[in-house]
Amino acid sequence: MINERAFKKGMVLFLLLSLLVLTVLVLWPILLSVIFGLLLAYILYPAYKFLNKLLRLKWLSALLICVLTIFIIVIPFLFMMPILIKQIFDIYIKLQGADIITAIKTFFPSLLPNQQVSAEAVLFLNNLIANVSNSILNNLMSVLSNFPIILLQFVIVLFVFFF
């Protein structure tokens, strides 16, 4: 039979493993940011060394590399986001007004033999277009609504990257 000492050791081990798993689950987003910051620092270390030779100030070299990295990552995203949103709306509006069935009948006349099949195909294509565009817009809105979390993770990446 199992004695009391072995049971206590087993329970302590179980509790420690459970605590470790819960800690990893809670800190996982931060750990990913730290790992990404370390990876970015490793990749841009040669540029840091080059700037450090020129400036001879470690903090200024690190700051300049961080600022350049922010510009390279954030500025294109800020310019592309409004254009992407506008294009999604434009494509959705154009596809709603497009006569896809006529094009299908022209190129593939045997696919739509009668009017009932054509009507069902129009309904299916309209639903498909609406669902795809709705999904894209929902994903875009979720990114925008999670902006504070993304910003916090970006600050963690920059903190790890700087130091």
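Quick caveat: nothing in here was measured; it's all calculated off a predicted structure.

A. Seen up close, the packing of helix H2 (residues 45-55) against helix H3 (residues 58-97). Running from amino to carboxyl end, H2 crosses H3 at an angle of 135 degrees, the nearest separation of the two axes being 9 Å. It follows that H2 is oblique to H3 by the angle criterion. Relative to H3, H2 is oriented so that their crossing is right-handed. Contact residues: H2 offers Ala-47, Tyr-48, Leu-51, Asn-52 and Leu-55, while H3 offers Lys-58, Leu-60, Ser-61, Ala-62, Leu-64 and Ile-65. Split into classes, the residues belonging to the contact of H2 with H3 amount to 8 nonpolar, 2 polar and 1 charged.

B. Main features of helix H1 (residues 4-43). Remark: the principal bend of H1, roughly 60 degrees, maps to Trp-28, with a proline, Pro-29, within the next four residues. Those residues of H1 not exposed but buried are Ser-33, Gly-37 and Leu-40. Those residues of H1 that are buried lie in contact with H3 and helix H6 (147-162).

C. Just the nonpolar core, in detail. Of all hydrophobic cores here, the largest spans 9 residues; its members are Leu-40, Tyr-48, Leu-51, Ala-62, Ile-65, Cys-66, Val-157, Leu-158 and Phe-161. Elements that contribute at least two residues to this core include exactly H2, H3 and H6.

D. Examining the packing of aromatic side chains more closely. By the definition in use, this model includes 3 aromatic pairs. When the centroid spacing of 4.9 Å and the interplanar angle of 85 degrees are considered together, the rings of Phe-162 and Phe-163 count as edge-to-face. Exposure remark for Phe-162: the relative accessible area of 27% places this residue in the partly exposed category. Since its relative accessible area comes to 68%, Phe-163 is described here as exposed.

E. Layout of the side chain of Thr-69. Checked against the element boundaries, Thr-69 lands in helix H3. With near-sequence residues (within four places) excluded, Thr-69 lies in contact with Leu-40, Leu-44 and Phe-161.

F. Inspection of the packing of helix H5 (residues 115-145) against H6 at higher detail. Running from amino to carboxyl end, H5 crosses H6 at an angle of 55 degrees, the nearest separation of the two axes being 5 Å. Compared by their axis directions, H5 and H6 come out oblique. Residues Val-143, Leu-144 and Ser-145 of H5 form the contact with H6, whose own contacting residues are Phe-147, Pro-148 and Ile-150. Taken together, the residues that form the contact of H5 with H6 break down as 5 nonpolar, 1 polar and no charged.

G. Highlighting the confidence of the model for the chain. When the pLDDT values of the chain are averaged, the result is 85; 98% of them are 70 or greater. Taken element by element, the chain is modelled with least confidence in helix H4 (residues 100-107), mean pLDDT 74, and with most confidence in H2, mean pLDDT 94.

H. Inspection of unusual backbone geometry at higher detail. If you check the backbone angles, Arg-56 has positive phi at about 60 degrees while not being a glycine. In this fold, Arg-56 is placed in the loop between H2 and H3.

About the thresholds
- Residues numbered from 1 in each chain as written.
- Predicted model: local features only at pLDDT ≥ 70, side-chain atom pairs only at ≥ 80, totals over all residues.
- Heavy atoms only, no water.
- Axes fitted to C-alpha atoms, helices over the stretch in contact; angles between N-to-C directions.
- Helix = DSSP H or I, 4+ residues; strand = E, 2+ residues; numbered from the N terminus.
- Parallel < 35°, antiparallel > 145°, perpendicular 65-115°, else oblique.
- Left-handed = near helix turned anticlockwise from the far one by under 90°.
- Contact = heavy atoms within 4.5 Å.
- Nonpolar A, V, L, I, M, F, W, Y, C, P; charged D, E, K, R; others polar.
- Bend = angle between axes of the 7 residues up to and from the residue.
- Buried < 20%, exposed > 50% of the residue type's maximum accessible area, 1.4 Å probe, protein only.
- Core = buried A, V, L, I, M, F, W, Y, C linked by side-chain atoms within 4.5 Å.
- Phe/Tyr/Trp six-rings, centres within 6.5 Å; stacked < 30°, edge-to-face > 60°.
- pLDDT = per-residue confidence, 0-100.

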